[in-house]
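Secondary and tertiary structure notes
Here is how the chains run, residue by residue.
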Amino acid sequence: MNAPRVLVVVPAHNEEDSLPAILTELREKAPGVDVLVVDDGSRDGTSRAAREAGVPVLRHPVNLGVGGALQTGFQWAVERGYDVAVQLDADGQHDPAYLSVVLAPVLAGRCDVSIGSRFVSSTGYRAPLNRRLGMLLFSGIVRLALGRPISDTTSGFRAYNRAVMRVCQYDFPKDFPDAPLLIALARRGFRLDEVPVVMRERQAGRSFYTLGKQLYYPYKNLLASLMALIRKPA
Amino acid sequence: MMFLSRTQVITALGAVLLALFVLDLVRRRRLSEEYSLLWVMATTVIAILGFSTPLLTWITHALGFMGESSTTFAFGLAFSLAMLLYLSLKLSRLGFENHALTRDLALLRHEVESLRRGGREDSPR
């Protein structure tokens, strides 16, 4: 059997400032892997930054959200025969040095989705109170649904194997893929696992969380989690 | 013909005018036949209720409303809610379709650009 082919998918929305650094870092710290940037309807030079770094870039004409960008990445990965895709943020929060850590359980076949978690062991990450409460709530829901704890449901540093990508390229949460996605995947019988990683402060750009979304997000996520629980896996 | 209250006349005429307007929109291809159906049905019902006092009175008593005009407006409101729900469904579906098209467009655009460059370096295996 050939060595498994790994694709790093970098969803990017208005990240021209942070993208060059993270792409350079990826080349240095993970020279063997292919990288794909999905420009999710950026209004700045995100696509140009990716092209200048010599990385293939897929550009959404409008903004779909992280979920949509990831889905496009999965479609690309499945078409081109990749075995594993790793989701890595463009803002520099995810250190490419941990790529092999996140990849390991999936490559070893121990699980189908591996989540780089800030909380598995003490990694010195402290979120603001409202986000901590939200994370607590949703990790509780996921724990109930999965029968095992996933402490960092919002982590966007994950590895997905081909079977998961095949399903997710067509059926995926539209905006942010966290608790509802994990529940839906577990309901389909996919095995999830968590590995400890250290996350950094974002290097540039803005977080996806705005005030309006802070109010809408818990409602949407609660409902979507519930629906993922009671919905028959297609 | 029985005596028509002023409210009845106004509702009935309003319904007829709205139905004509909706049909005209279809004629001018501004509104698709699909969407006109609910409107035409609703306006017909409202117009019948407006013009037919015995039917209106009967329904009012059967449903226990306070007055005939309440019945007419209740039907109108029920229709509005149905229409709004129907539109939300359509919008959600359009959203899903738009989402899928956007993703495919991104993939196809990349394909076209690499074909134009004559490159085959990242063609599907």
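I will try to describe carefully the structure that is included in this document. (Residues numbered from 1 in each chain as written. Chains lettered and ligands numbered in written order. Predicted model: local features only at pLDDT ≥ 70, side-chain atom pairs only at ≥ 80, totals over all residues. Heavy atoms only, no water.)

Structural notes on the overall build of chain A
This is how it is decided: Numbering of helices and strands runs from the N terminus; a helix is a DSSP stretch of H or I covering at least four residues, while a strand is a stretch of E covering at least two. The atom set for the radius of gyration is the C-alpha atoms, and the globule formula is 2.2 Å times the number of residues raised to the power 0.38. Note on classification: 1.4 Å probe, protein chains only; a residue is buried when its accessible area is under 20% of the maximum for its type, exposed when over 50%, partly exposed between these limits. To measure how exposed things are, a 1.4 Å probe is used in the Shrake-Rupley method; for residues, cover is taken only from the protein chains shown.
Helix and strand content of chain A: 8 helices and 7 strands. In terms of overall size, chain A behaves like a compact globule, its C-alpha atoms giving a radius of gyration of 17 Å where 234 residues would be expected to give roughly 17 Å. Taking the principal axes of its C-alpha atoms as reference, chain A extends roughly 45 × 45 × 35 Å. Burial analysis of chain A (234 residues in total) assigns 52% to the buried set. For chain A, the accessible area works out to roughly 10,600 Å², and carbon and sulfur atoms hold 56% of it.

Concerning the pairing of strand β6 (residues 158-161) of chain A
All names here are of chain A. Stated precisely, the cut-off is as follows: By this definition, two strands are paired if DSSP reports at least two bridges between them.
Here β6 shows a buried face lined by Arg-158 and Tyr-160 and a second buried face lined by Ala-159 and Asn-161. Two elements, strand β4 (residues 84-87) and β6, share 4 bridges in a ladder whose sense is antiparallel. When the sheet's bridge partners are listed, Val-86 is paired in β6 with Ala-159. Where strand β5 (residues 113-117) meets β6, 3 bridges bridge the pair, whose relative direction is antiparallel. Looking at the pairing, Ile-115 lines up with Arg-158 of β6.

Some remarks on the nonpolar core
We apply this condition: Throughout this description, the term nonpolar core refers to a set of buried Ala, Val, Leu, Ile, Met, Phe, Trp, Tyr and Cys residues connected via side-chain atoms within 4.5 Å. Any two residues having at least one pair of non-hydrogen atoms within 4.5 Å are treated as being in contact.
Judged by nonpolar contacts, the single largest core of 35 residues is most densely connected at Phe74(A), Tyr160(A) and Leu185(A). When residues of this core are traced back to their parent elements, those giving at least two are β1 (6-12), β2 (34-40), α3 (66-79), β5, α5 (129-146), α6 (162-168) and α7 (179-187) of chain A together with α4 (68-116) of chain B. A total of 6 residues in this core trace back to one element, the largest contributor, which is α3(A). The contacts of Leu185(A), once residues within four sequence positions are left out, are Val113(A), Val164(A), Cys168(A), Phe190(A) and Leu192(A). With 30 residues, the next largest nonpolar core counts Ala53(A), Val84(A), Val102(A) and Met199(A) among its residues.

Points about the layout of surface pockets
Applicable threshold: With a 1 Å grid laid over protein atoms only, a set of points is called a cavity when a 1.4 Å probe fits there but cannot get out and a pocket when it is open yet has protein on both sides within 12 Å along at least five of seven lines; lining residues have an atom within 4 Å of a point. Grid points are joined across faces, edges and corners, and a volume is the space filled by probe spheres set on the points. Residues are grouped as follows: Ala, Val, Leu, Ile, Met, Phe, Trp, Tyr, Cys and Pro are nonpolar; Asp, Glu, Lys and Arg are charged; all remaining types, including Gly, are polar.
Here the largest pocket defines a volume of roughly 900 Å³. Every residue lining the largest pocket is counted, 32 residues in all, and those nearest its centre are Phe172(A), Pro173(A), Lys174(A), Arg231(A) and Phe96(B). Sorting the residues of the lining of the largest pocket by element identifies α6, α7 and α8 (211-230) of chain A together with α4 of chain B as the ones contributing at least two each. In terms of residue count, the dominant contributor to the lining of the largest pocket is α8(A) (8 residues). Split by residue class, the lining of the largest pocket holds 20 nonpolar, 3 polar and 9 charged.

Remarks on the packing of aromatic side chains
Residue and element names in this part refer to chain A. Inclusion rule: Side-chain rings of Phe, Tyr and Trp, where Trp is taken by its six-membered ring, are said to pair if the distance between their centres is within 6.5 Å; with planes under 30 degrees apart they count as stacked, over 60 as edge-to-face, and otherwise as tilted. Working rule: Lys NZ or Arg CZ, within 6 Å of ring centre, within 35 degrees of ring normal, means a charge sits over the ring.
One pass over the full model with this rule turns up 4 aromatic pairs over all chains. Here a set of aromatic residues connected by ring pairs shows up, and it is made of Phe-74, Tyr-160 and Phe-172. If you follow Arg-5 out to its NZ or CZ, it ends over the ring of Tyr-82, 4.2 Å from the centre. A cation over a ring is seen here: Arg-80 above Trp-76, with NZ or CZ 3.6 Å from the ring centre.

Things to note about the sheet that holds strand β7 (residues 192-196) of chain A
Residue and element names in this part refer to chain A. What counts, and what does not: Between N-to-C directions, angles cover 0 to 180 degrees, with each direction set by a line fitted to C-alpha atoms, over the stretch in contact for helices.
Strands sit in the order β3-β2-β1-β4-β6-β5-β7 across an open sheet of 7 strands; the sheet is mixed. Since the sheet does not close on itself, it has two edges, and those belong to β3 (57-60) and β7, each with one partner. Here the average twist between neighbouring strands, direction ignored, is 20 degrees.

What to know about the packing of helix α1 (residues 6-27) of chain B against helix α2 (residues 33-51) of chain B
Residue and element names in this part refer to chain B. Filter applied, for reference: Here the angle decides the label: under 35 degrees means roughly parallel, over 145 means roughly antiparallel, 65 to 115 means roughly perpendicular, and every other value means oblique. Crossings are assigned a handedness: left-handed for a near helix turned anticlockwise from the far helix by less than a right angle, right-handed for a clockwise turn.
As a packed pair, α1 and α2 sit with axes 8 Å apart at the nearest point and diverge in direction by 160 degrees. Taken together, the axis directions place α1 and α2 in an arrangement best described as roughly antiparallel. In this structure, α1 crosses over α2, and the sense of that crossing is left-handed. Touching Gln-8, Thr-11, Ala-12, Ala-15, Val-16, Leu-18, Ala-19, Val-22, Leu-23 and Val-26 of α1 are Glu-33, Ser-36, Trp-39, Val-40, Thr-43, Ile-46, Ala-47, Leu-49, Gly-50 and Phe-51, all from α2. Here the contact of α1 with α2 is composed, by residue class, of 14 nonpolar, 5 polar and 1 charged.

These results come straight from atomic positions and should not be treated as a statement about function.
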